Amino acid sequence: MTLLNKNKNLKVLEMKSLSRVVACLSLCVSLNSFGALYNISLEGNITNVPEGLEESVFIGDNVSAFFLFSTSEFSSIVEFESERFFYNSSLISYEMNMGMIQASGGGGRIEISNDIIENNQIVDRLILQSSGGLPQSQYLNGNFDLSSLHIGATFLDYDASAFNEGYPFPTISLTDFETIALSIQYKVSTELDPEQFIVLGARASSAELSEVPLPAGIYLFLSGLVGLGLMRGRNA
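Residues numbered from 1 in each chain as written. Predicted model: local features only at pLDDT ≥ 70, side-chain atom pairs only at ≥ 80, totals over all residues. Heavy atoms only, no water.

Scanning the protein chain for helices and strands turns up three helices and nine strands. Taken from N to C terminus, the helices and strands of the protein chain fall in the order α-β-β-β-β-β-β-α-β-β-β-α. Taking all 236 residues of the protein chain together, the buried fraction comes to 37%. Total accessible area on the protein chain is roughly 13300 Å²; 54% of this is exposed by carbon and sulfur atoms. (Helix = DSSP H or I, 4+ residues; strand = E, 2+ residues; numbered from the N terminus. Buried < 20%, exposed > 50% of the residue type's maximum accessible area, 1.4 Å probe, protein only. Areas by Shrake-Rupley, 256 points an atom, 1.4 Å probe, with all protein chains shown as cover.)

Quick look at the packing of aromatic side chains now. The final tally for this structure, using the stated rule, is eight aromatic pairs. Ring geometry for Y38 against F69: centres 6.3 Å apart, planes inclined by 25 degrees, an arrangement best described as stacked. A residue pair is termed long-range when its members are at least 10 positions apart, and Y38 in strand β1 (residues 37-48) and F69 in strand β2 (residues 62-70) qualify at 31 residues. When its relative accessible area of 1% is taken as the criterion, F69 is described as buried. Judged by centre distance (4.9 Å) and plane angle (75 degrees), the rings of Y87 and F169 are edge-to-face. Highlighted residues: Y87 in strand β4 (residues 84-98) and F169 in the loop between β7 (146-157) and β8 (179-188), separated in sequence by 82 residues. Of the two residues, Y87 and F169, neither departs from the other in class, the shared state being buried. (Phe/Tyr/Trp six-rings, centres within 6.5 Å; stacked < 30°, edge-to-face > 60°.)

Under the definition given, this model contains four salt bridges. One salt bridge in this structure joins R84 and E81, with 3.7 Å as the shortest N-O distance. What makes E81 partly exposed here is its relative accessible area of 44%. Where salt bridges share partners, they join E81, R84, E111, E118 and R125 into one cluster. (Salt bridge = Lys/Arg side-chain N within 4 Å of Asp/Glu carboxyl O.)

With that settled, the discussion passes to the nonpolar core. Core analysis: the largest hydrophobic core is formed by 42 residues, its most contacted members being L42, F67, F155, L182 and I184. Only β1, β2, β4, β5 (101-118), β6 (121-130), β7, β8 and β9 (196-211) provide two or more residues apiece to this core. If sequence neighbours within four positions are ignored, I184 has contacts with M96, M98, I101, A103, L140, L149, H150, I151, I198, V199 and L200. (Core = buried A, V, L, I, M, F, W, Y, C linked by side-chain atoms within 4.5 Å. Contact = heavy atoms within 4.5 Å.)

Another aspect to go through is unusual backbone geometry. Residues Y167 and P168 are joined by a peptide bond in cis, for which omega reads 0 degrees. Mapped onto the elements, P168 comes out in the loop between β7 and β8. Unlike most non-glycine residues, S89 shows phi in positive territory, near 65 degrees. For S89, the location among the structural elements is in strand β4. You will see that N120, though not glycine, has its phi angle at about 60 degrees, which is positive. Considering the arrangement of structural elements, one finds N120 in the loop between β5 and β6. According to the relative accessible area criterion, N120 is exposed, its value standing at 79%.

So, on to the pairing of β7. Burial of β7 is extensive: nine of the twelve residues sit out of reach of the surface. Two strands pair when backbone bridges link them, and β6 and β7 are joined in this way by six bridges, in the antiparallel orientation. Across the sheet, residue D124 finds its bridge partner in β7, namely D157. Looking at chain direction, β7 and β8 are connected through ten bridges and run antiparallel. Directly across from H150, in β8, lies its bridge partner Q185. (Pairing = 2+ DSSP bridges.)

Further remarks concern the layout of surface pockets. Of the volumes computed, that of the largest pocket is approximately 270 Å³. Considering the residues around the largest pocket, the lining is formed by 17 residues, among which A153, T154, A181, S183 and Q185 are closest to the centre. Elements with a minimum of two residues in the lining of the largest pocket: β6, β7 and β8. Considering every element that reaches the lining of the largest pocket, the biggest residue donor is β7, with six residues. Its residues assigned to classes, the lining of the largest pocket comprises seven nonpolar, seven polar and three charged. (1 Å grid on protein atoms, 1.4 Å probe; cavity = no way out; pocket = protein on both sides within 12 Å on 5 of 7 lines; lining within 4 Å. Points joined across faces, edges and corners; volume = space filled by probe spheres on them. Nonpolar A, V, L, I, M, F, W, Y, C, P; charged D, E, K, R; others polar.)

Structure follows, in structure tokens:
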């Protein structure tokens, strides 16, 4: 075998090794992304109607909402207090419908609180809350001078058994929570108070947590398998 042929064979081996590494990396990245996105769907009824909305929504009106979030991708994780963690940028999109009022947007955070004291009782708490970009509500934005608008869902476990710790991001089971409160909160400008805080509230009667399939992750996963298969076939 000539030196030229040896160099060619060496280059072929290097290319095979590089292709095998790329295929393995694609496989690992895709596996890491599986199960990273979840959706919580909620239904319930309005329990609190603030002044100014009495002719638009009523106690008992139907409520529906969804929150799409990630359990693995965060811009930052902040321990605000002991065992109270903010997972920033984990909330991807959300929508809430309370009677004729709808609010939706993207971007937010998840709060995981383990064994905190609320109303003189030790509880576990999960909060999904919009932040960053201002949520949009055609009705509210069209009828009020809003200085802020927030969408949120608060889950409370009075047995304090939902979480063992606040970090790392724990497994969520909605059956662990006794109450789920939903809210559209906003501030309006009035002559007496330039930032009057308003809460349109509801209580959820049903909640469903589902995993969201990731087509991009699946394609990446399959490409990794194909790449590994081709490498095996060439080596056989």
